[in-house]
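# Report on the structure
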Amino acid sequence: MTAGHETDAVWAAGAPPAAPARRRADTGLLAWLDRALGVLSEWPAAVLVLVEVAVLLSGVVARYVFHEPIVWSDELASILFLWLSMLGAVIALRRGAHMRMTAVVTKCGPRTRAFLETFALAAALVFLVLLIHPAWEYAYEERIIVTPAMEISNAWRAAALPVGTLLMLLVCGVRLLRTEHTQHVAPAVLSAVAIALLFWLAGPWLMTLGKLNLLIFFAGVVGACVFAGVPIAFSFALATFGFLALTTRTPMLVMVGRLDEGMSHLILLAVPLFVLLGMLIEMTGMARAMVQFLSSLLGHVRGGLNYVLIGGMYLVSGISGSKTADMAAIAPVLLPEMKQRGAKPGDLIALLSTTGAQTETIPPSIVLITIGSVTGVSISALFTGGMLPGLVLGLALCVIVWWRYRHEDLSAVPRPSRKLIGKTFVVALPALALPFVIRAAVVEGVATATEVSTIGIAYSVVAGLLLYRKFDFARLPGILVETATLSGAILFIIGCATAMAWALTQSGFAHDLAEAMAGLPGGKFTFMAVSLVAFIVLGSVLEGIPAIVLFGPLMFPIARELGIHEVQYAMVVILAMGVGLFAPPFGVGYYGACAVGKVDPDEGIRPIWGYMAALLVGLVLVAAIPWISIGFLDN
C-alpha cells in the first residue's frame, strides 16, 4: 500500500497531481481545473484544522479555568469535523493518498499495471456517481433537524457529504483525463461501468441467494477490488452499496447515514489533532531532543543506538499517534550514526519496522481512539492499559538486540561525560514531559481524550517558540494540509467500513459469527488464540483501522461473554494487527519503514524474522497474562 503524501512505497494511488512523471504538462483547462480543485479543498481544510484546535482548546480553557463551559463548542466542532473529513478525503484522492494494496499490482507487467491503475480510479468514479444522489437526498432530509445548542439546521453539517462527493467526482474525472495512460482510460471506465451494469441486471437473481450474497459481495467484490488496487475505502463502499441496493430493500439514505456516523463521531476528531501534534513535535525539534538524550545515555554500550531506537519510538509514539510520522521523526536522527558504526541497513530497517508494531498500543495511538469509538471501551482505560504491553514487546526486542550486538566493537566510541548527559536531559525535559502532560490532563478530567490533543498542540507550539526556538512558520500551511490529507484518508475508510459493518450486522452475519466463535472448544483460550491469528492476517491485508471498524463491534461482545477483559482483548487485537501491518511481504508498514530509511525492502527481509519472533513471544505473554493490560486500571 502507498499514499502519495507520505511515500510512494507506503501508500498508493499515485503521486501528487503536479508530478511531471505522472501527469501531462500543467497547461490548459484540465490543469487549471486541477489547481482550482486543490485550492477549493486544501485551503478550507487547513483553516478547518486551525478552527477545530481553537474551538476545542477554548472549550477546555472556559470549562477548567473560568468554570464557564461553552455549551456550543462540541456542536460546532462536530459540524466542522464532517466538512474536514470530506475535504480531507477529496485532497487524499487528488494527491493519490487513499490507502490501497499494491502487492499484486506491482507484480504485473507494465501494460496490466497501467490498466489496473486507471481501473482503480474508474471504480472510484462509478461509486461516486452512484453516491451523489443519495448524499444530496440525505442532506435535504437533514434540513428539518435543528441542532440543540446553536439552533441551526443540520443541513449545514450534512451538506458536507454531497459537496465532498461532488468534489471527489470532479477530482476522479480530472485525474482520469490527465493520466499519461490515455489508451487505458476508455477501456477502464467501460469495464467498471459494465461490471456495475452486470450486477444490476443480476439483481433479481441475487435476491434469491440469501446469505450467499455475503460471500459474493464482502469476499468476492471486496477481495477483487482490493487486489486490483482499488483504494480500500472505495472497495468497501462498492461492496456495501451493491449488497444493500441489489439484495435488500434498504434505502441508500441509510448507507449515507452510516457513512456520516462513521466519519463524524466526535471522538475521532482526535485523529487529525494528534496527527497535527505529531508533525509539530518533529518540526519544533522536540523529537530530536528526546532521541539525543537517549543517545547520550546508551550510545556507548553495545547495541546502544538500537536500544535508543526502541526507546525513542516508545516515547514519540506516545505523542504523535502516527506510525509513519514516528519513524520519520526517529530515523533521520539515528540511522546515519548507526550506519557509520557498521550496522547493516537491512537490520536497521527490520528493527525500525518492528518498533512500529511494538508501539501500536502507546497512547494516544489513533488505533486506540478508533477501537474505543467503535466498541464503547473507555479510551481513558485504553490509554492506561496500553503502556505496559508496549513495554513488554520492547523488552522482547531488546533481547534480540543484545544477542545480535553482544560482540560489537565500540572501542572508538567515546563515553559521554555526566555534564553532557545532564545538558541533553535539560534540553529534552520539556519534550519528555509532554506524554505525561497529555496523560495527566485525561486522568485528572481537565480534558477529554479528544480535547487533550489541543493541550499538547498548545504545549508544543509554546515549547517550539520559547524553549527550542525552532518553529518554521513557512511549513505550517503544508503541515495543516498534510494533516487534513492523512485524516481524510483514515476517516473515509472508517466511514465506509462502518457502513459495511452495519450491513454485515443487519444480514445476520454478526449473530452467526458470535455463535460460531462462542461454540469453539476450549472457551476463551481458543477464542483468544483464534483472534490473535485472525487479526495478524487482517492487519497485513486490511491494516488496523478498517479491520477494527469491521470486526471490533462483532468480536468484542463475544470476548466479554467469554470473560475476557475488554482492555486486554483490545491490546491483543491491536498488537496482533501491528505485527501483521509490519510483517513482510504484505505488511504495508514494513515498506513504509523502508521508504523512510531509504533502504531496499529486500535487505530487511532476512533480519526481520528474529525481531518478529520476539514480538510474537511478547504478544503471547500479553494474551496469556491479563495483568499486563489491566494491572494499572482503577478497580
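Just so it is clear, the structure is predicted and the values come from calculations on it, not from any experiment. (Residues numbered from 1 in each chain as written. Predicted model: local features only at pLDDT ≥ 70, side-chain atom pairs only at ≥ 80, totals over all residues. Heavy atoms only, no water.)

To continue, consider the overall build of the protein chain. Counting its secondary structure elements, the protein chain contains 28 helices and zero strands. Relative to its full complement of 635 residues, the protein chain shows a buried share of 59%. Of the contacts formed within the protein chain by residues at least 6 apart in sequence, a portion of 81% connects residues at least 24 apart. When the accessible surface of the protein chain is summed, it comes to about 25200 Å², and 69% of that surface belongs to carbon and sulfur atoms. (Helix = DSSP H or I, 4+ residues; strand = E, 2+ residues; numbered from the N terminus. Buried < 20%, exposed > 50% of the residue type's maximum accessible area, 1.4 Å probe, protein only. Contact = heavy atoms within 4.5 Å. Areas by Shrake-Rupley, 256 points an atom, 1.4 Å probe, with all protein chains shown as cover.)

Another point: the packing of aromatic side chains. Any aromatic ring pair is given by two values, namely how distant the centres are and how the planes are angled relative to each other. Scanning the model with the defined rule gives 13 aromatic pairs in all. Residues Phe115 and Phe119 carry aromatic rings whose centres are separated by 6.2 Å and whose planes lie at 25° to one another, so their mutual orientation is stacked. Linking Phe115 with Phe119, this pair stays in helix 3 (residues 110–141), spanning four residues, or about one helical turn. The class of Phe115 is partly exposed, set by a relative accessible area of 24%. Note on Phe119: relative accessible area 13%, which makes it buried. Ring geometry for Phe234 against Phe492: centres 5.3 Å apart, planes inclined by 55°, an arrangement best described as tilted. In this pair, Phe234 is assigned in helix 9 (residues 232–247) and Phe492 in helix 21 (residues 476–506), connecting sequence segments 258 residues apart. Taken as a pair, Phe234 and Phe492 share a single burial class, namely buried. Linked through ring pairs, Phe127, Phe234, Phe241 and Phe492 together constitute an aromatic cluster. (Phe/Tyr/Trp six-rings, centres within 6.5 Å; stacked < 30°, edge-to-face > 60°.)

Turning our eyes to something else, we now look at the nonpolar core. As a rule of thumb, nonpolar side chains are buried together in soluble globular proteins. Ranked by size, the top nonpolar core spans 211 residues in total, and within it Phe127, Met168, Phe234, Phe492, Phe535 and Tyr569 carry the most contacts. Here the element with the most residues in this core is helix 21; it accounts for 17 residues. Mapping this core onto the domain boundaries places at least three of its residues in each of domain 1 (34–264) and domain 2 (283–406 + 417–470 + 508–631). Discounting residues that sit within four places of it in the chain, Phe127 has contacts with Phe234, Ala237, Leu238, Phe241, Met255 and Phe492. (Core = buried A, V, L, I, M, F, W, Y, C linked by side-chain atoms within 4.5 Å. Domains from an automatic or database assignment.)

On to unusual backbone geometry. Backbone geometry at His67 places phi at a positive 55°, although glycine is not the residue there. Inspection of the secondary structure assignment puts His67 in the loop between helix 1 (28–64) and helix 2 (73–94). Judged by relative accessible area, His67 falls into the exposed class, the value being 61%. Positive phi is not limited to glycine here, since Glu151 has a value of about 55°. Relative to the assigned elements, Glu151 resides in the loop between helix 3 and helix 4 (155–158).

Let us now look at the environment of Ser507. Within the secondary structure, Ser507 sits in the loop between helix 21 and helix 22 (509–518). Linking Ser507 and Phe243, residues 264 residues apart in sequence, is a C-alpha distance of 10.0 Å. Side-chain polar atoms of Ser507 contact the backbone oxygen of Leu504, separated by 2.6 Å. (Polar contact = N/O pair within 3.5 Å; in protein donor to acceptor, adjacent residues only side chain to side chain.)

Moving on to the pattern of salt bridges. The final tally for this structure, using the stated rule, is ten salt bridges. The partner of Arg157 in a salt bridge is Asp260, with the nearest N and O atoms 2.5 Å apart. Of this pair, Arg157 sits in helix 4 while Asp260 sits in helix 10 (residues 252–264); the two residues are 103 residues apart in sequence, bridging distant segments of the chain. Judged by its relative accessible area of 10%, Arg157 falls in the buried class. One continuous salt-bridge network, built from bridges that share partners, spans Asp34, Glu42, Arg94, Arg95, Arg178 and Glu482. (Salt bridge = Lys/Arg side-chain N within 4 Å of Asp/Glu carboxyl O.)

As a further point, take the environment of Ala287. Structurally, Ala287 is set in helix 12 (residues 286–298). Along the chain, Ala287 and Ala431 lie 144 residues apart, while their C-alpha atoms are 7.1 Å from each other.

To continue, consider the packing of helix 10 against helix 21. The contact between helix 10 and helix 21 brings their axes to 7 Å, and the two run at 130°. By the angle class used here, helix 10 and helix 21 are oblique. Like other packed secondary-structure pairs, helix 10 and helix 21 cross with a definite hand, here right-handed. Together, Val254, Met255, Arg258, Leu259, Gly262 and Met263 of helix 10 and Leu491, Phe492, Ile494, Gly495, Cys496, Thr498, Ala499 and Trp502 of helix 21 make up the contact between the two elements. Here the residues of the contact of helix 10 with helix 21 sort into ten nonpolar, three polar and one charged. (Axes fitted to C-alpha atoms, helices over the stretch in contact; angles between N-to-C directions. Parallel < 35°, antiparallel > 145°, perpendicular 65-115°, else oblique. Left-handed = near helix turned anticlockwise from the far one by under 90°. Nonpolar A, V, L, I, M, F, W, Y, C, P; charged D, E, K, R; others polar.)

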